[in-house]
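Architecture and fold: a report
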Amino acid sequence: MKFFGVVLAIMLASAAAMPKAVSITPAVMRPRSAEKVAAPALESALQIRGGSFVTKELFIQTMSIANMGFGAQFFLVPKMFWEMNFASECTESMQFISRIAGIAILGGNLAFYMGDAEALYPVAMASCLLIAIFGPLRAEMTLPCKAAHKLPCVLLPGLLAMGALAF
């Protein structure tokens, strides 16, 4: 585990020290601009009242952070994560593929978090729906699940409802 921490620290330090290059990233991957366009009257009124208006940006950020937490657990502690959620043995093969999946989950959701919310919204909704169906709901039907596994069964439909409100 210390090895992964050292490798991660070296990678982060190297990335921070690299000179900034000209960006040639696609439009959906460009960071959001710091300048906000003046909000329409309805949005301004809702913000004064304390919110209750879900934006696509808020949905994508919330989904990304939740999924990055999941990906970090898969990458850093796959055996513990499996044993908390399922009443079956976690094999070496499962740990191996879980770490790879964790890296992919972290990278993909970092891209969602940093990308353009308007362009990524349909992909985020489809992704959330498919993960809900083929992830926790299918696991509940086919695997011996423990009580901790109820969290994603509640979280993903909640995220889908949030995404629907952002439409």
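See above for the structure.
Residues numbered from 1 in each chain as written. Predicted model: local features only at pLDDT ≥ 70, side-chain atom pairs only at ≥ 80, totals over all residues. Heavy atoms only, no water.

Another point: the side chain of Ser 64. Relative to the helices and strands, Ser 64 resides in helix H3 (residues 56–76). Setting aside residues no more than four positions away along its own chain, Ser 64 makes contact with Asn 109, Phe 112 and Tyr 113. (Helix = DSSP H or I, 4+ residues; strand = E, 2+ residues; numbered from the N terminus. Contact = heavy atoms within 4.5 Å.)

Following both chains from N to C, one finds H3 and helix H4 (residues 78–85) inclined at 115°, their axes separated by 5 Å at the closest point. The pairing of H3 with H4 is recorded here as roughly perpendicular in orientation. Taking contact as the criterion, the partners of Phe 70, Gln 73, Phe 74, Phe 75 and Leu 76 in H3 are, on H4, Pro 78, Phe 81 and Met 84. Among the residues forming the contact of H3 with H4, the class breakdown is 7 nonpolar, 1 polar and no charged. (Axes fitted to C-alpha atoms, helices over the stretch in contact; angles between N-to-C directions. Parallel < 35°, antiparallel > 145°, perpendicular 65-115°, else oblique. Nonpolar A, V, L, I, M, F, W, Y, C, P; charged D, E, K, R; others polar.)

The next thing to look at is the environment of Gly 115. Looking at the element boundaries, Gly 115 is found in the loop between helix H5 (92–114) and helix H6 (117–142). Distance in space between the C-alpha atoms of Gly 115 and Gln 61 is 9.8 Å, their sequence separation being 54 residues.

This next bit is on the pattern of salt bridges. Charged atoms that come close allow side chains of opposite charge to pair. Applying the stated rule across the entire model yields 2 salt bridges. A salt bridge links Lys 56 to Glu 118; the shortest N-O distance between them is 3.4 Å. Of the two residues, Lys 56 is situated in helix H3 and Glu 118 in helix H6; the sequence distance between them amounts to 62 residues. (Salt bridge = Lys/Arg side-chain N within 4 Å of Asp/Glu carboxyl O.)

For Ser 98, the location among the structural elements is in helix H5. Since its relative accessible area comes to 9%, Ser 98 is described here as buried. In this view, Ser 98 contacts Phe 74, Phe 75 and Pro 78; residues no more than four positions away in its chain are not counted. (Buried < 20%, exposed > 50% of the residue type's maximum accessible area, 1.4 Å probe, protein only.)

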